[in-house]
Amino acid sequence: MTQVISPSSLTLLDLHDRFHLTKVQDPGFFPEWQGELPELSREEAQRLQRVEAAVSNLESRAFLENTVKLAVLAPLLDLAGFFFPPFYVSTEEAIELHCEDEGQVMRGRIDILVLMERLWVLVIESKRAEFSVKVGIPQVLAYMLANTGADRPLYGLVSNGTDFVFVKLVRSGAVPCYGVSRRFVLGQGEDLAGVLGVLKGLAAGAVQDDRPNGD
C-alpha cells in the first residue's frame, strides 16, 4: 500500500536518503545571488519603500502566508517582470513525487510557481512570519525535485515576509545537487533591493537560456 507523505514533513536528511540530494559548498555553484546590486530606478525604490512600510504595519498582527504573498511577494514578482510575457504565475500548483523503492509518494501544492511556457523558472514557498525560512528549504527542494523533466538549473525562494533565501537545484549529474544563498533581511541595508536584483537576474537568465543557441 502506497504511503502518502507531506513535503512539509521532510528534512534535508530525508531528501538526502531518499533522493541522494547533495549540498554544494563551492560558492561558484550558485553565482546568481552574488555580485554587485543593480541600480534601482526611482519608481522601483519607491515601490520597495512601500513594501517595507506595509510590512511594518503588519508586523503587530498575525502575519499569515497569504499576507506574505500579497504584501511582499506580489510586488517583487511584478517589479521583476514575472507577471508579463514570456512568464506567467500559477498558485497552489499540485505536484507529486514518488520515492524509489519505498512505496511512498509525496503530494503537495506549490505556493507560487513562475513558468515560461511549461518551463519552471522559480518555485516560491511562503511561511508565517514567526517561522524561520530554514524550515521551508527542505519543502521547496522537495517541490523542485518533483520537476523530473528539468534539464537546466531550477531556482526556489523561501520567504516569511521579512527574510528571504534563494535555492538552486541542478539535476544534470548522477545525483541532484543544490546550493543556498545567504539570508536577505527586509529592512537591513539594501537587502530587499538585493532580492529584487536576484529575481531580475533569474528572469533575464531564463529568457536568455530559452533563445536558440543563446542568441
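For the structure itself, consult the block above.
Note that the coordinates shown come from a computational prediction; the quantities given were computed from them, not determined experimentally.

Visitor: I keep staring at the pattern of salt bridges and nothing clicks. Help me out?
Guide: Applying the stated criterion across every chain, the model contains 8 salt bridges. The partner of Lys127 in a salt bridge is Glu125, with the nearest N and O atoms 3.2 Å apart. The class for Lys127 is buried, based on a relative accessible area of 9%.

Visitor: Just checking my understanding: could you explain unusual backbone geometry for this structure?
Guide: In this chain, Pro85 is followed by Pro86 through a cis amide linkage whose omega measures 10°. Despite not being glycine, His20 shows a phi value in the positive range, around 60°. Of note, the phi angle at Glu92 is positive, near 55°, even though the residue is not glycine. Locating Glu92 in the fold gives a position in strand β3 (residues 87-99).

Visitor: Before we go on, may I ask you to explain the packing of helix α1 (residues 12-19) against helix α4 (residues 136-145) in this structure?
Guide: Describing two packed helices takes the angle between their axes plus the distance from one axis to the other. α4 packs onto α1 with a crossing angle of 25° between their chain directions and a minimal axis gap of 9 Å. Considering the angle they form, α1 stands roughly parallel to α4. Between α1 and α4, the contacting residues are Leu12, Leu15 and Phe19 on the first element and Ile137, Pro138, Leu141, Ala142 and Leu145 on the second. Taken together, the residues that form the contact of α1 with α4 break down as 8 nonpolar, no polar and no charged.

Visitor: Which parts of the structure should I look at to understand the side chain of Lys168?
Guide: Looking at the element boundaries, Lys168 is found in strand β7 (residues 163-170). Here Glu32 takes part through its side chain, which lies 3.0 Å from a polar atom of the side chain of Lys168.

Visitor: Would you take a moment to explain the packing of aromatic side chains for this structure?
Guide: The relation between two aromatic rings is expressed through the spacing of the ring centres and the mutual angle of the planes. If you walk through the whole model with that rule in mind, you get 4 aromatic pairs. A ring pair is formed by Phe166 and Phe184, whose centres lie 6.0 Å apart and whose planes are at 90°; its orientation type is edge-to-face. Linking Phe166 in strand β7 with Phe184 in strand β9 (residues 184-185), this pair joins segments that are 18 residues apart in sequence. Owing to a relative accessible area of 1%, Phe166 belongs among the buried residues under this scheme. Every member of this aromatic cluster is reached through a ring pair, and the members are Trp33, Phe166 and Phe184. Lys168 extends its terminal NZ or CZ atom over the ring of Phe29, reaching a point 5.2 Å from the ring centre. Geometry around Phe184 places Arg182 over its ring, the cationic atom sitting 4.2 Å from the centre.

Reading guide: rules and limits
Residues numbered from 1 in each chain as written. Predicted model: local features only at pLDDT ≥ 70, side-chain atom pairs only at ≥ 80, totals over all residues. Heavy atoms only, no water. Salt bridge = Lys/Arg side-chain N within 4 Å of Asp/Glu carboxyl O. Buried < 20%, exposed > 50% of the residue type's maximum accessible area, 1.4 Å probe, protein only. Helix = DSSP H or I, 4+ residues; strand = E, 2+ residues; numbered from the N terminus. Axes fitted to C-alpha atoms, helices over the stretch in contact; angles between N-to-C directions. Parallel < 35°, antiparallel > 145°, perpendicular 65-115°, else oblique. Contact = heavy atoms within 4.5 Å. Nonpolar A, V, L, I, M, F, W, Y, C, P; charged D, E, K, R; others polar. Polar contact = N/O pair within 3.5 Å; in protein donor to acceptor, adjacent residues only side chain to side chain. Phe/Tyr/Trp six-rings, centres within 6.5 Å; stacked < 30°, edge-to-face > 60°. Lys NZ or Arg CZ within 6 Å of the ring centre and 35° of its normal.

Nothing here speaks to function; it is all geometry.
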